[in-house]
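So you can see what is in the structure, the chains are spelled out below.
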Amino acid sequence: MKSPTLTDLNAFVAVAAHRSFRRAADVMGVSHSALSLAMRGLEASLGVRLLNRTTRSVSLTQEGERLLARLTPVLADLDAALSDATAAAGQPGGVVRINGSEGAIRLLLQTVVPRLRSLYPRIELDLSAEGQLVDIVERGFDAGIRLAEAVPKDMVAVRLGPDLRFLAVAAPAYLASHPAPRTPDGLSRHQCIRQRLPSGKRYRWEFKKRDQEVAVDVPGTLTLDNNQLMVEAAADGLGIAYVPEPYAAPLLKTKQLVAILRDWCPPIPGLFLYFPANRHVPPALRALIDVVKAVQ
C-alpha cells in the first residue's frame, strides 16, 4: 500500500472540516479538481471510501469519521511541534486562521494587524468573516472573535475591544414626520428596519433601563441581514434601525442620523478573541494574543 502524504492527510481534514471541496480548495489554495483527485488517490491507497459525495454536499463515511478522529490530534501535535521548532530558530511564523463577524474582522484589521505585521512579519493571517457562529475547532480555525455573550464557555477569551452599545437610530427627516418614541414599546407605531440573523430568525430588539429589560419584536416592511445596509437604509429615511454604535457613529457625527432611546441602550461587553483551553497554543497564535493584549 502506498503511504499517504502529509499533504493528502491535511487535505482530507480540510474537506472534512468544511464539508465542501470548493471551500476546502479555496482555503488550501488549490483547484477543486486537484483536491478531488487527491481525495480519490487517498481512498485508493487506503482501500476504503472516506467521503460520501453528492452534487450539493460532502459527508464522512464511518471510516472517514474514524480516520478524522485519530488524525485531528496527531496533526495538531505535529503543527505545534513544527511551530515550536520554528520559533526556537527565530521569530514565530506560520499561519493563524481566525473566524469572526464582519465587524470583528474589521476591528482586528484596524487595531491589531498593523502592529502584528510590524513585530512579526513571518506570521500569516487567514481571516474569515461570516455572520454565522461556527465551531472553530470543527472548522479548523485557531481562534474566533465574537461578542462576549456568544463565546463558548469552554474557551479562553481575551478582550479585543471596548464595551459596545447597540443604538436605535433614524434620519432627522423620518423623525420630523414620526416623533421619536419615549420607550421601546413606542416602536410599535413606527417603521422599523428589522434584522435577519444568520440562523434565519429575526432579531428581537433588546433594551435595558436599570432593572427593566425589554425584548421587542418590532414591526416593519423591510428586513436586512447586514448592519452597514441597515445604517444606510435608516439614513435614507426608511425607518428606525438598531445597530452596533460603531456602524452608526460616522453618520451620527454628521447628523445624518439621530440616536433615540439612548437611556435604554446601556453598554455590553464587547468583542473577545477566543481559542480552545485544552490545546497547545502555537507560537504564532501566542504572539497574536500578546499584541491583542498590548493594544488595549
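Residues numbered from 1 in each chain as written. Predicted model: local features only at pLDDT ≥ 70, side-chain atom pairs only at ≥ 80, totals over all residues. Heavy atoms only, no water.

Undergrad: I would appreciate a short explanation of the packing of helix α1 (residues 6–18) against helix α2 (residues 21–28) in the present structure.
TA: When two helices pack together, their arrangement is given by the angle between the helix axes and the distance between those axes. In the contact formed by α1 and α2, the axes pass within 8 Å of each other and the chain directions differ by 130°. When the axis of α1 is compared with that of α2, the two are oblique. Every pair of crossing elements has a handedness; the one defined by α1 and α2 is right-handed. Counting all contacts with α1, which are made through Ala11, Ala14, Val15 and His18, the residues of α2 involved are Phe21, Arg23, Ala24, Val27 and Met28. (Axes fitted to C-alpha atoms, helices over the stretch in contact; angles between N-to-C directions. Helix = DSSP H or I, 4+ residues; strand = E, 2+ residues; numbered from the N terminus. Parallel < 35°, antiparallel > 145°, perpendicular 65-115°, else oblique. Left-handed = near helix turned anticlockwise from the far one by under 90°. Contact = heavy atoms within 4.5 Å.)

Undergrad: Is there a simple way to think about the domain arrangement of the protein chain in this case?
TA: Frequently, the measure chosen for interface size is the accessible area removed from exposure when the parts meet. Looking at the assigned domains, one finds that the protein chain contains domain 1 (6–70), domain 2 (91–163 + 270–295) and domain 3 (166–264). Centre-to-centre separation of domain 1 and domain 2, based on C-alpha positions: 26 Å. (Domains from an automatic or database assignment.)

Undergrad: What is the right way to read the packing of aromatic side chains from this model?
TA: Within a pair of aromatic rings, the relevant descriptors are the distance that separates the centres and the angle that separates the planes. Taken as a whole, this structure holds 4 aromatic pairs when the rule is applied. Relative to Tyr242, the ring of Tyr203 has its centre 6.4 Å away and its plane inclined at 10°; by these criteria the two rings are stacked. In this pair, Tyr203 is assigned in the loop between β8 (193–195) and β9 (205–209) and Tyr242 in strand β12 (residues 241–244), connecting sequence segments 39 residues apart. The burial state of Tyr203 is the same as that of Tyr242; both residues are buried. When the ring of Trp205 is compared with that of Tyr242, the centres are 5.2 Å apart and the planes differ by 25°; the resulting orientation is stacked. (Phe/Tyr/Trp six-rings, centres within 6.5 Å; stacked < 30°, edge-to-face > 60°. Buried < 20%, exposed > 50% of the residue type's maximum accessible area, 1.4 Å probe, protein only.)

Undergrad: Got a minute to help me understand the sheet that holds strand β5 (residues 143–147) in this structure?
TA: Spatially, 5 strands are ordered β4-β3-β5-β14-β6 in an open sheet, and the strand pairing comes out mixed. With partners counted over all chains shown, the strands left at the sheet margins are β4 (123–129) and β6 (155–159), one partner each. Taking each pair of neighbouring strands and ignoring which way they run, the sheet shows an average axis angle of 30°. With 7 bridges connecting them, strand β3 (residues 94–100) and β4 associate as parallel partners. Along β4, the bridge assignment pairs Arg97 with Asp126. (Pairing = 2+ DSSP bridges.)

Undergrad: How do you make sense of a nonpolar patch on the surface when you look at a structure like this?
TA: Nonpolar side chains collect at one region of the surface, where Val27, Met28 and Val30 lie side by side and expose about 190 Å² of accessible area between them. Within the fold, Met28 resides in helix α2. When its relative accessible area of 31% is taken as the criterion, Met28 is described as partly exposed. (Patch = residues over 30% accessible without salt bridge, like charges linked within 9 Å, V, L, I, M, F, W, Y side chains within 5 Å. Areas by Shrake-Rupley, 256 points an atom, 1.4 Å probe, with all protein chains shown as cover. Salt bridge = Lys/Arg side-chain N within 4 Å of Asp/Glu carboxyl O.)

Undergrad: Sorry if this is basic, but what is going on with the pairing of strand β10 (residues 212–216) here?
TA: If a strand is regular, its side chains alternate between the two faces of the sheet. Across 5 bridges, β9 lies against β10 in antiparallel orientation. Directly across from Trp205, in β10, lies its bridge partner Val216. Here β9 folds back onto β10 in antiparallel fashion, the turn holding 2 residues, of which Arg210 has a positive phi close to 55°.

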